[in-house]
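Residue strings, one per chain:
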Amino acid sequence: MSASLVDIQPSDPSKRTWLIASSCAGAVGVGAVAVPFISSFEPSERAKAAGAAVEVDISGIKPGEKLTVEWRGKPVWILRRTPEQLATLPKNDAELADPQSKRKPDEFTPVYARNEARSIKPEYFVAVGICTHLGCSPSDKFQPGPQPSLPNDWQGGFFCPCHGSTFDFAGRVFKNKPAPDNLEVPPHMYLSDSKLLIGEDKKA
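Here's a quick rundown of the structure. (Residues numbered from 1 in each chain as written. Predicted model: local features only at pLDDT ≥ 70, side-chain atom pairs only at ≥ 80, totals over all residues. Heavy atoms only, no water.)

1. Observations regarding the overall build of the protein chain
Line of reasoning, step 1. Looking only at helices and strands, one finds five helices and nine strands in the protein chain.
Line of reasoning, step 2. Helices and strands appear in the protein chain in the N-to-C order α-α-β-β-β-α-α-α-β-β-β-β-β-β.
Line of reasoning, step 3. Relative to its 204 residues, the protein chain shows a buried fraction of 34%.
Line of reasoning, step 4. Sequence separation of 24 or more characterises 54% of the internal contacts of the protein chain that already satisfy a separation of 6 or more.
Line of reasoning, step 5. A total accessible area of about 11,700 Å² is found for the protein chain, and carbon and sulfur atoms account for 58% of it. (Helix = DSSP H or I, 4+ residues; strand = E, 2+ residues; numbered from the N terminus. Buried < 20%, exposed > 50% of the residue type's maximum accessible area, 1.4 Å probe, protein only. Contact = heavy atoms within 4.5 Å. Areas by Shrake-Rupley, 256 points an atom, 1.4 Å probe, with all protein chains shown as cover.)

In structure tokens:
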């Protein structure tokens with residue numbers, strides 16, 4: 001009958017060496033299994049897409065330019081507005097459905113964005129680029145003036161080609177349009193002058 005581990009005597013050098021080597025090999029095997037097991041606790045790409053905050057470098061956005069990033073599977077716009085674009089906002093108030101963003105504020109407008117610019121910093125506008133009507137994505141219509149499907153006194157903003165809803169440079173919807181609400185301003189905060197965090201606003 002072959003000897004079991006309990007039968008191995010410490011006084012036998014060759015068997016003691018085999019026992020130590022076997023134990024070490026077992027420990028290495030456990031360690032190798034532990035690494036992927038521990039790494040499985042890290043957030044997956046799907047989990048990040050489902051709700052993790054997204055850090056964005058905004059240092060390269062020039063005035064008048066818009067950067068689009070993805071958060072929770074949605075397009076989020078970061079528009080660096082020019083002084084001229086900001087100057088159009090008060091001119092639109094009488095033509096807007098909800099100029100002060102009082103409609104469903106908890107859903108569409110965080111406290112720090114309940115102002116005419118709908119932003120923390122007037123220069124930067126952050127919004128979810130999805131129309132509040134049926135979920136289409138509006139197009140940029142930054143050029144002011146008469147254009148197809150737009151009024152002759154168009155000041156610039158966004159146009160949803162699906163059903164004709166129009167929004168100004170603060171994402172506020174114009175009256176008598178299919179979209180019932182202003183564009184959503186997502187939770188966000190500035191980590192620095194050049195870093196924006198979308199999805200969290202604990203320090204905002």
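Okay, back to it.
2. What about the sheet that holds strand 8 (residues 188-190)?
Line of reasoning, step 1. In space, the three strands of this open sheet follow the order 1-9-8, with antiparallel pairing throughout. Taken across any chain shown, the strands that pair with only one partner, and hence form the sheet edges, are strand 1 (54-57) and strand 8. Neighbour to neighbour, the strand axes of the sheet diverge by 25° on average, direction disregarded.
Line of reasoning, step 2. Examined bridge by bridge, strand 8 and strand 9 (residues 195-198) share three bridges and lie antiparallel to one another. Across the sheet, residue His-188 finds its bridge partner in strand 9, namely Ile-198. (Pairing = 2+ DSSP bridges. Axes fitted to C-alpha atoms, helices over the stretch in contact; angles between N-to-C directions.)

3. Comments concerning the environment of Val-56
Line of reasoning, step 1. Checked against the element boundaries, Val-56 lands in strand 1.
Line of reasoning, step 2. The class for Val-56 is buried, based on a relative accessible area of 6%.
Line of reasoning, step 3. Linking Val-56 and Val-69, residues 13 residues apart in sequence, is a C-alpha distance of 8.1 Å.
Line of reasoning, step 4. Those residues within four positions of Val-56 in sequence are excluded, and the remaining contacts are Leu-67, Val-69, Ile-78, Ser-194, Lys-195, Leu-196 and Ile-198.

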